Amino acid sequence: IPFLLSLTIISLTVFAQSTPCRNVEGRYSITALSGWTVRVSGSESFVYAPEDGNMDSWSEKLDFSTADGEDIALEDAFDFYTNTDFPEAYGKFKLVAKGDEKINGLEAKWATFTFSATGQASNATSAGDSTISATLQAIFYVIKKDNSLYLVNGVTEKSLFPKFDLPFRTIIRTFRAE
């Protein structure tokens, strides 16, 4: 029983949600998990995971953005990103899984994929070389409402993806288009 009790407490702590954040320009709202930070810039919103300390080389985050979706079907938009855009943009792109779901009544398509990247460590200082290379794993959603496409990207190191997959999806599933 102590094990089950501690597991229940951990689950409640990890998935406690904060107040919804409205992106006025993007015409949508999202709710981050407790401890996560939301930053809004124009029609984009960025949801950052709590830092893991000095060993956290990459900043795990979700990016929400909008795009013109007039005269494009959800399936066609999704296929463009997963079959053309991402393979051209990301080194060693590999599609891992894909699927469909409804998010607050809206049709959505999602994919997870891996890729290689080189970047600046999030914990870099001005001294020394802070360039790092890693295999990353991402989750990508396309949601369509009327003539708007809502794009969501979540990225983390591949080895950490199992830890962030469910929290990413929990936040994504709070998405509401106006």
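Since the model is a prediction, treat every value here as computed from it, not as a measurement.

What counts and how
Residues numbered from 1 in each chain as written. Predicted model: local features only at pLDDT ≥ 70, side-chain atom pairs only at ≥ 80, totals over all residues. Heavy atoms only, no water. pLDDT = per-residue confidence, 0-100. Contact = heavy atoms within 4.5 Å. Core = buried A, V, L, I, M, F, W, Y, C linked by side-chain atoms within 4.5 Å. Buried < 20%, exposed > 50% of the residue type's maximum accessible area, 1.4 Å probe, protein only. Helix = DSSP H or I, 4+ residues; strand = E, 2+ residues; numbered from the N terminus. Expected span 1.5 Å × (residues − 1). Pairing = 2+ DSSP bridges. Axes fitted to C-alpha atoms, helices over the stretch in contact; angles between N-to-C directions. Bend = angle between axes of the 7 residues up to and from the residue. Salt bridge = Lys/Arg side-chain N within 4 Å of Asp/Glu carboxyl O.

(A) Layout of the confidence of the model for the protein chain. Residues at a pLDDT of 70 or more form 80% of the protein chain, whose mean pLDDT is 86. Taken as a whole, residues 1-14 scores under 50 in pLDDT and shows one contact with residues more than four places along the chain or in a different chain.

(B) Looking closely at the nonpolar core. Residues Trp 36, Val 47, Leu 62, Phe 64, Tyr 141, Ile 172 and Phe 175 are the most contacted members of the largest nonpolar core, which totals 24 residues. Broken down by secondary-structure element, the contributors of at least two residues to this core are strand S2 (28-33), strand S5 (61-68), strand S7 (106-120), strand S8 (131-145), strand S9 (148-157) and helix H3 (161-172). The leading source of residues in this core is H3, at five residues. Setting aside residues up to four positions removed in sequence, Phe 175 forms contacts with Tyr 28, Ser 29, Ile 30, Phe 64, Ile 103, Asn 104, Leu 106, Ile 143 and Tyr 150. Formed by 17 residues, the second largest nonpolar core is a distinct cluster that contains Ala 77, Leu 136, Phe 140 and Val 142.

(C) H3, seen in detail. If you check H3, its first and last C-alpha atoms are 15 Å apart, about what twelve residues at 1.5 Å a residue would give, namely 16 Å. For H3, the full list of buried residues reads Phe 161, Phe 164, Pro 167, Phe 168, Arg 169, Thr 170, Ile 171 and Ile 172.

(D) Up close: the sheet that holds S2. Ordered by their spatial adjacency, three strands build an open sheet running S1-S2-S10, and the pairing between neighbours is antiparallel. Strands with a single pairing partner mark the edges of an open sheet, and in this sheet they are strand S1 (17-23) and strand S10 (176-177). When S1 meets S2, the two strands line up antiparallel, connected through five bridges. Of the residues in S2, the one forming a bridge with Cys 21 is Ile 30. Relative to S2, H3 is tilted by about 145 degrees, and along the sheet it contacts S1 and S2.

(E) The arrangement of unusual backbone geometry in detail. Its identity as a non-glycine residue notwithstanding, Lys 92 has a phi of 55 degrees, on the positive side. As for its placement among the helices and strands, Lys 92 is situated in strand S6 (residues 91-103). Even without a glycine there, the phi angle at Asp 146 is positive, about 50 degrees. With respect to the helices and strands, the residue Asp 146 is situated in the loop between S8 and S9.

(F) Spotlight on helix H2 (residues 74-89). Here H2 is 16 residues long and its end C-alpha atoms lie 21 Å apart, about the 22 Å a rise of 1.5 Å per residue gives. At Tyr 81, H2 shows its largest kink, close to 35 degrees. Within H2 the residues assigned to the buried category are Leu 74, Ala 77, Phe 78, Tyr 81, Thr 82 and Phe 86.

(G) Quick look at the pattern of salt bridges. Following the criterion strictly, the structure yields seven salt bridges and no others. The salt bridge involving Lys 61 is made with Asp 63; its shortest N-O contact spans 3.8 Å. Under the relative-accessibility criterion, Lys 61 is labelled partly exposed at 25%. Its salt-bridge partner being Lys 102, residue Glu 107 comes within 3.2 Å of it at the nearest N-O pair. Salt bridges linked by common partners bring Glu 75, Asp 100 and Lys 109 together as one network.

(H) Main features of the environment of Ser 148. Among the secondary structure elements, Ser 148 is positioned in strand S9. Along the backbone, Ser 148 and Ala 67 are 81 residues apart, and their C-alpha atoms lie at a distance of 6.0 Å. Discounting residues that sit within four places of it in the chain, Ser 148 has contacts with Ala 67, Gly 69 and Ile 143.

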